[in-house]
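# Report on the structure
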Amino acid sequence: MKTLLRSLAGETLPVPPIWMMRQAGRYLPEYKATRAEAGDFLSLCYNPDLATEVTLQPIRRFGFDAAILFADILLVPQALGADLWFVTGEGPRLSTITGPGGVTALKGRDDIHDTLAPVYQTVRNLASALPSEVALIGFAGAPWTVATYMIAGRGTPDQAPAHALKDGDRATFEALLDRITEATIEYLDQQVQAGAEVVKLFDSWAGSLKGDDFAKYAVAPAKRIISELKARHPGLPVIAFPREAGDGYIGFHAATGADCVAVDDSVDAAWVAEHVQPDGCVQGNLESSHMVTGGDALVSEVRRIRDALSGGPHVFNLGHGITPDADPDNVALMIETLRETASVPAS
Ligand code: 1CP
């Protein structure tokens, strides 16, 4: 069985499988070349041949144990009817949702597939193109994180517009979350039918949900998506990433049904081993900045995290996405260090 699937099934492996968030991206010259050929980022996402190519690039160059579909979490809002564009050097822009009319105007869960069909084609391409030992991960944004972009119309440091709608017009906010949740189930279902072997839910802004809000808007939607997908696809492994959840990572496997909980780099690996890993596989948590700085600090951090999490199922990864200023040689060094004889003591 593929190493990623073994870890997700709960096996403790001598060398954990490794892949990297944003492993297809601007730190790779070959990615920049293909993106230029596509014209712009969204055209790349919706071009199955080129999206397949950029997904495969980091597999060819580094030999990762898993490939992640090249797409973006903001394709779901677009399929629901939002306007979406990317401003070079700044990031995404979307039409905003400010009241009930914005939610009722969205398309239904069964009307998203025309827009998203090229993504499903990319998954089919990948399912046949990947080396037999490499697992294919599909993904979507979690409802809260997707809602933050749909409400604000852009990325926000503190998700203030989404919190304002949640606190000021809870019915509209909850209706929006439901619509995203339903669309996400259908979107991921199609990815699995097309050949995704694992799915990951990215809740990048989960950390700004506090108290009851975390339970209602991070845990509950993840639970609903995961249970529906597992009902349709028994045994489907799911990775959940409630980024910056802190103590909210504790019990997240059990509360949502996720097979693996991905952790960011604000929590310590030893703490994760004690409080999160007893419930199931964990993924993470190397600081992305090591991909820029490299050297001995990178080597010792890889060993420290590997060793701290060696007592249970672990998927090695960064705590968040690799940045465009990263050096590909440091990625190679991370992989080489991880795969060195596991008995070599950490220096
Ligand atoms: O210019 C470019 O080439 C665009 C940069 C880029 C890339 C490579 C964006 C814009 N998205 C992606 C691909 C992407 N996005 C993947 C592909 C697979 C891989 O990991 O290699 C994935 C899984 C995502 C997921 C994604 N998009 C998230 C969740 C994960 C995370 O990083 O927290 C989020 C929040 C987005 C939104 C988004 N898309 C792109 C940007 C710059 C952003 C962040 C915007 C912001 O809030 O500032």
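For the structure itself, look to the data block above.
Below is a short write-up of the structure. (Residues numbered from 1 in each chain as written. Predicted model: local features only at pLDDT ≥ 70, side-chain atom pairs only at ≥ 80, totals over all residues. Heavy atoms only, no water.)

Per the secondary structure count, the chain includes 16 helices and nine strands. With the C-alpha coordinates aligned to their principal axes, the bounding extent of the chain is approximately 60 × 45 × 40 Å. Among the 347 residues that make up the chain, the fraction classed as buried is 58%. Of all intrachain contacts in the chain linking residues separated by at least 6 positions in sequence, the fraction that spans at least 24 positions is 73%. If you average the places of the 28 positive and of the 44 negative side-chain charges in the chain, the two averages end up 2 Å apart. (Helix = DSSP H or I, 4+ residues; strand = E, 2+ residues; numbered from the N terminus. Buried < 20%, exposed > 50% of the residue type's maximum accessible area, 1.4 Å probe, protein only. Contact = heavy atoms within 4.5 Å. Lys, Arg positive; Asp, Glu negative; His and termini not counted. Charge placed at Lys NZ, Arg CZ, Asp CG, Glu CD.)

Before going further, it helps to spend a moment on the site of the ligand. The ligand sits among 23 residues. The nearest are Arg22, Tyr31, Arg35, Tyr149 and Ser204. Here glutamine 23 contributes a backbone N or O atom positioned 3.2 Å from an oxygen atom of the ligand. One of the side-chain N or O atoms of arginine 35 is found 2.6 Å from an oxygen atom in the ligand. When the ligand is considered free in solution it has 890 Å² of accessible area, and contact with the protein chains removes 87% of it. Residues belonging to the shell around the ligand are distributed by class as follows: 15 nonpolar, four polar and four charged. (Near = heavy atom within 4 Å. Polar contact = N/O pair within 3.5 Å; in protein donor to acceptor, adjacent residues only side chain to side chain. Areas by Shrake-Rupley, 256 points an atom, 1.4 Å probe, with all protein chains shown as cover. Nonpolar A, V, L, I, M, F, W, Y, C, P; charged D, E, K, R; others polar.)

Take the pattern of salt bridges next. With the rule as written, the count across this model stands at 23 salt bridges. The residue arginine 243 makes a salt bridge to glutamate 244 at a minimum N-O spacing of 3.5 Å. Judged by its relative accessible area of 44%, glutamate 244 is partly exposed. Where aspartate 307 meets arginine 306, a salt bridge forms, and the shortest distance between an N and an O atom there is 3.1 Å. Connected through shared salt-bridge partners, Arg109, Asp178, Glu182 and Arg224 make up one network. (Salt bridge = Lys/Arg side-chain N within 4 Å of Asp/Glu carboxyl O.)

It is worth spelling out helix H16 (residues 328-339) at this point. With 12 residues, H16 extends 17 Å from end C-alpha to end C-alpha; this agrees with the ideal 16 Å at 1.5 Å per step. If you check which residues of H16 are buried, you get Pro328, Asn330, Val331, Met334, Ile335, Thr337 and Leu338. In the core, the buried residues of H16 are packed alongside helix H4 (48-62), strand S8 (281-286), helix H14 (290-293), helix H15 (295-308) and strand S9 (314-318). The backbone nitrogen of aspartate 329 has a side-chain oxygen 2.9 Å away, supplied by the residue at the start of H16, namely aspartate 327. (Expected span 1.5 Å × (residues − 1).)

With the exception of glycine, most residues fall at negative phi, and the peptide bonds are largely trans. With an omega of -5 degrees, the peptide bond between glycine 284 and asparagine 285 qualifies as cis. Along the chain, asparagine 285 turns up in strand S8. Unlike most non-glycine residues, glutamine 159 shows phi in positive territory, near 55 degrees. The exposure class of glutamine 159 is buried, given its relative accessible area of 2%.

Glancing now at the nonpolar core. Core analysis: the biggest nonpolar cluster contains 122 residues, and Tyr187, Met291, Val331 and Met334 have the highest contact counts within it. Here this core gets 10 residues from one element, more than from any other, and that element is helix H10 (residues 170-194). (Core = buried A, V, L, I, M, F, W, Y, C linked by side-chain atoms within 4.5 Å.)

Spatially, S1-S4-S5-S6-S7-S8-S9 is the arrangement adopted by the seven strands of the open sheet, whose pairing is parallel. This sheet does not close on itself; its edge strands, each paired only once, are strand S1 (66-68) and S9. The average undirected angle you get between the axes of adjacent strands in this sheet is 25 degrees. With five bridges connecting them, strand S5 (residues 198-203) and strand S6 (residues 238-242) associate as parallel partners. Bridge assignment links aspartate 203 to a residue of S6, and that residue is proline 242. Strands in contact with helix H11 (residues 212-232) are S5 and S6; relative to S5, the strand with the most contacts, it is inclined by about 165 degrees. (Pairing = 2+ DSSP bridges. Axes fitted to C-alpha atoms, helices over the stretch in contact; angles between N-to-C directions.)

This part covers the packing of helix H8 (residues 143-152) against helix H9 (residues 160-168). At a minimum axis separation of 8 Å, H8 and H9 run at an interaxial angle of 95 degrees. The angle between H8 and H9 places the two elements in the roughly perpendicular class. Contacts between H8 and H9 involve Trp144, Thr148, Ile151 and Ala152 on the former and, on the latter, Pro161, Ala162, His163 and Leu165. (Parallel < 35°, antiparallel > 145°, perpendicular 65-115°, else oblique.)

It is worth spelling out the side chain of serine 288 at this point. Here serine 288 shows up in the loop between S8 and H14. Excluding residues that lie within four positions of it along the chain, serine 288 makes contacts with Asp265, Leu318, His320, Gly321 and Ile322.

Our next topic: the pairing of S6. Burial analysis of S6 places five of its five residues in the buried class, the great majority of the element. The alternating pattern of S6 places Val238, Ala240 and Pro242 and Ile239 and Phe241 on opposite faces, both of which are buried. Taken together, S5, H11 and S6 form a β-α-β motif whose crossover is right-handed. Note that S6 and strand S7 (residues 260-262) share two bridges and pair parallel. Within the sheet, the bridge partner assigned to alanine 240 lies in S7 and is valine 261. (Right-handed = clockwise from strand over helix to strand, strands pointing away.)

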